[in-house]
Amino acid sequence: MPEATTGGRGPAPLKGTESGRRVAPAPIESVSRAAQVGKQDLLAVEEPLQIQVSLERDGRRRAQDVAITMRTPGNDGELAAGFLFSEGILKRPDQVLRIRQAGGASAGRMPRHRVVVDLKSGAVFDSGRTRRHFYISSSCGICGKTSIESLRSRMHFRLSSAAAVVDPAILYGLPLALRQAQSVFDRTGGLHAAALFDFTGNLLSVQEDVGRHNAVDKLIGHEFLRGRLPLGGVMALVSGRASFELAQKALMAGIPILLAVGAPSSLAVETALRFQMTLVGFLRHDRFNVYSSAFRLRGRQAGETR
């Protein structure tokens, strides 16, 4: 059973998950006006992951179920850490003793992988949240489970309202940089992606997953476990739309600029306005819309959207 080792501010990322199968072959009939041909296609793998938190009490460790998410295997420990942090269950990486992974099967014999986040003795966390037994779908996450006001009470960081720092011209090249870094999407065409860029447009990290929220959790979990939060000097780019949940996760990690190649939802815009996060949608190679806090884009005035 692979597990992380303790060191630095928090545990190392879970080891051994990179061998998880991300791509699966499938026989198909390829149909066109000219011909119908049998061939093999490649599919993005979607499998359940059970996330548990364990704490030592009376000399024994007891694990509590927190969530089951449908995800693409890989970076499972970082996914678990990012999810637990963005939900307010974890606050600091030094709460974590280790992250371990185990296999198994559900009652219905569906293969299930399990990640257990072992907390250090004396660690304090909101165990009431674990009793809610979140179920996360790969398409929308924990839809509608929280509100802007509850987000305010759980945020650990406040976004800086410093003067504009990013040249808008830099943004035009980011979707292509993200697309070129999507190795599994190249093979399957079936994954979302999320990436972190610095303010000069350098790609810092990228994650792919069948779930938009999972890809963002993997990004945040990677940084959380290394003690790098808040992420005040980076931009996050997502390959699809910007939902409330993605805005929530970016805010929890202290990310001041959230970019999306698709449309934002009304609640994502309302959230960005409330917390003065810069929110950009419909990002293309030659245009984008700014929905909130344009002051972080050099040369743009607050209120400009195009």
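A. Summary view of the overall build of the chain. For the chain, the count of helices and strands is nine helices and 15 strands. Out of the 306 residues in the chain, the part that is buried amounts to 53%. Within the chain, contacts between residues separated by at least 24 positions form 57% of all contacts whose residues are at least 6 apart in sequence. Element-wise, carbon and sulfur atoms account for 50% of the exposed surface of the chain, whose accessible area totals about 13,600 Å².

B. Layout of the packing of aromatic side chains. Tallying each qualifying case throughout the model produces three aromatic pairs. The structure contains a cluster of three or more aromatic residues connected by ring pairs, namely Phe85, Phe157 and Phe224.

C. Just the sheet that holds strand 15 (residues 289-292), in detail. Here six strands make up an open sheet; going across it, the order is 11-10-12-13-14-15 and the pairing mixed. Each edge of the open sheet is held by one strand with a lone partner, namely strand 11 (203-209) and strand 15. Taken pair by pair, the neighbouring strands of this sheet meet at an average axis angle of 20 degrees, ignoring direction.

D. Quick peek at helix 9 (residues 266-275). Listed as buried for helix 9 are Ala268, Val269, Thr271, Ala272 and Phe275. Buried residues along helix 9 cover an arc of 160 degrees about the axis, so they all sit on one side. Looking at helix 9, the residues exposed on the side facing more than 90 degrees away from the buried face are Ser266 and Leu273. Elements that come into contact with the buried residues of helix 9 comprise helix 3 (148-154), helix 8 (244-252), strand 14 (278-281) and strand 15. After helix 9 finishes, the residue glutamine 276 shows a positive phi value of roughly 55 degrees.

E. Layout of the side chain of threonine 278. Inspection of the secondary structure assignment puts threonine 278 in strand 14. Separated by 2.7 Å, the side chain of threonine 278 and the backbone oxygen of serine 293 make a polar contact. When neighbours within four sequence positions are excluded, threonine 278 is seen to be in contact with Pro256, Ile257, Leu258, Ser292, Ser293 and Arg296.

F. Layout of the pairing of strand 11. Alignment of strand 10 (residues 192-198) against strand 11, held across six bridges, turns out to be antiparallel. What sits directly across from histidine 192, in strand 11, is aspartate 209. What sits between the antiparallel neighbours strand 10 and strand 11 is a turn of four residues, in which glycine 201 has the positive phi angle 95 degrees.

G. Main features of unusual backbone geometry. Note the cis peptide between leucine 229 and proline 230, where omega equals 5 degrees. If you trace the backbone, proline 230 turns up in the loop between helix 7 (212-225) and strand 12 (234-238). Positive phi, close to 55 degrees, is recorded for glutamine 276, a residue that is not glycine. Structurally, glutamine 276 can be placed in the loop between helix 9 and strand 14. Positive phi outside glycine occurs at serine 293, with the angle close to 55 degrees. Relative to the helices and strands, serine 293 resides in the segment after strand 15.

H. Up close: the confidence of the model for the chain. Chain-level statistics for the chain give a pLDDT mean of 79 and a share of 75% at 70 or above. Segment residues 12-19: pLDDT under 50, and 24 contacts once partners within four positions in sequence are set aside and those in other chains are kept.

I. Main features of helix 7. With 14 residues, helix 7 should reach 20 Å at 1.5 Å per residue; the first-to-last C-alpha distance of 20 Å fits that figure. Across the 14 residues that make up helix 7, a large majority, 13, are buried. Two residues or fewer after helix 7 comes glycine 227, characterised by a positive phi angle close to 70 degrees.

J. Structural detail: the nonpolar core. The biggest cluster of nonpolar side chains holds 55 residues, and the ones touching the most others in it are Leu84, Val117, Leu119, Leu229, Ile255, Leu258 and Met277. Non-local contacts of leucine 84, meaning those with residues more than four positions away in its chain, are made with Ile51, Val53, Val66, Ile89, Leu90 and Val117. Grouped together as the second largest cluster of nonpolar side chains are 19 residues, Val166, Met235, Leu259 and Leu297 included.

About the criteria used
Residues numbered from 1 in each chain as written. Predicted model: local features only at pLDDT ≥ 70, side-chain atom pairs only at ≥ 80, totals over all residues. Heavy atoms only, no water. Helix = DSSP H or I, 4+ residues; strand = E, 2+ residues; numbered from the N terminus. Buried < 20%, exposed > 50% of the residue type's maximum accessible area, 1.4 Å probe, protein only. Contact = heavy atoms within 4.5 Å. Areas by Shrake-Rupley, 256 points an atom, 1.4 Å probe, with all protein chains shown as cover. Phe/Tyr/Trp six-rings, centres within 6.5 Å; stacked < 30°, edge-to-face > 60°. Pairing = 2+ DSSP bridges. Axes fitted to C-alpha atoms, helices over the stretch in contact; angles between N-to-C directions. Arc of directions from axis to C-beta. Polar contact = N/O pair within 3.5 Å; in protein donor to acceptor, adjacent residues only side chain to side chain. pLDDT = per-residue confidence, 0-100. Expected span 1.5 Å × (residues − 1). Core = buried A, V, L, I, M, F, W, Y, C linked by side-chain atoms within 4.5 Å.

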